[in-house]
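Examining the three-dimensional arrangement
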Amino acid sequence: MSYTVEITKDNLIRIPDILSAELGFSLGDILVCVMYKDRPEISMAKHSDQTLTDEQISAAGNLTRVVSIEAAE
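Predicted model, so just to flag it, every value in this text is computed and none were measured.

Looking now at a nonpolar patch on the surface. Taken together, the side chains of Ile7, Met35 and Ile42 define a hydrophobic patch exposed on the protein surface, amounting to about 300 Å² of accessible area. Mapped onto the secondary structure, Ile7 falls in the segment before α1 (17-23). Overall, the relative accessible area of 44% leaves Ile7 in the partly exposed class.

Take a look at the structure:
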């Protein structure tokens, strides 16, 4: 399955609630992000270890946490 979403000028990926539910993503989940060099795509999947700290997520370089955009702004 694939979906198209827009990356904002702030490098945020807004995932609508209905899409989050379909993908099984919840607030606080840690995702692995893979960017493809030969295609304009990013793949995201839940990370196997959901107990990482924000510092560990930042150090990994390809991880992100699902946050509420309203709370982030």
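Pairing in this open sheet of three strands is antiparallel, and the strands run β2-β1-β3 from one edge to the other. In this open sheet, the two edge strands, each paired with only one partner strand, are β2 (42-46) and β3 (63-65). Mean inter-strand twist for the sheet, computed between neighbouring axes without regard to direction, equals 35 degrees. With three bridges connecting them, strand β1 (residues 30-35) and β3 associate as antiparallel partners. The residue bridging Leu31 from the neighbouring strand is Thr64, located in β3.

Take the side chain of Ser20 next. Positionally, Ser20 belongs in helix α1. Of the residues examined, Ser20 reaches a relative accessible area of 13% and is grouped as buried. Residue contacts for Ser20: discarding those within four places in its chain leaves Ile15 and Phe25.

On to the packing of aromatic side chains. Summed over all chains, the structure comprises zero aromatic pairs. Taking the ring centre of Tyr36 as reference, the NZ or CZ of Arg39 above it sits at 4.3 Å.

Before going further, it helps to examine the environment of Ile18. As for its position among the elements, Ile18 is in helix α1. Separated by 23 residues in the primary sequence, Ile18 and Glu41 place their C-alpha atoms 21 Å from one another.

The phi dihedral of Asn11 falls on the positive side, at around 60 degrees, and the residue is not glycine. You can see Asn11 is positioned in the segment before α1.

With that out of the way, let us pick up the confidence of the model for the protein chain. Considering every residue of the protein chain, the mean pLDDT works out to 89; 96% of them sit at 70 or more. In the model of the protein chain, helix α3 (residues 69-72) stands out as the element of lowest mean pLDDT, 66, in contrast to helix α2 (residues 54-60), which has the highest, 96.

What counts as what
- Residues numbered from 1 in each chain as written.
- Predicted model: local features only at pLDDT ≥ 70, side-chain atom pairs only at ≥ 80, totals over all residues.
- Heavy atoms only, no water.
- Patch = residues over 30% accessible without salt bridge, like charges linked within 9 Å, V, L, I, M, F, W, Y side chains within 5 Å.
- Areas by Shrake-Rupley, 256 points an atom, 1.4 Å probe, with all protein chains shown as cover.
- Salt bridge = Lys/Arg side-chain N within 4 Å of Asp/Glu carboxyl O.
- Helix = DSSP H or I, 4+ residues; strand = E, 2+ residues; numbered from the N terminus.
- Buried < 20%, exposed > 50% of the residue type's maximum accessible area, 1.4 Å probe, protein only.
- Pairing = 2+ DSSP bridges.
- Axes fitted to C-alpha atoms, helices over the stretch in contact; angles between N-to-C directions.
- Contact = heavy atoms within 4.5 Å.
- Phe/Tyr/Trp six-rings, centres within 6.5 Å; stacked < 30°, edge-to-face > 60°.
- Lys NZ or Arg CZ within 6 Å of the ring centre and 35° of its normal.
- pLDDT = per-residue confidence, 0-100.

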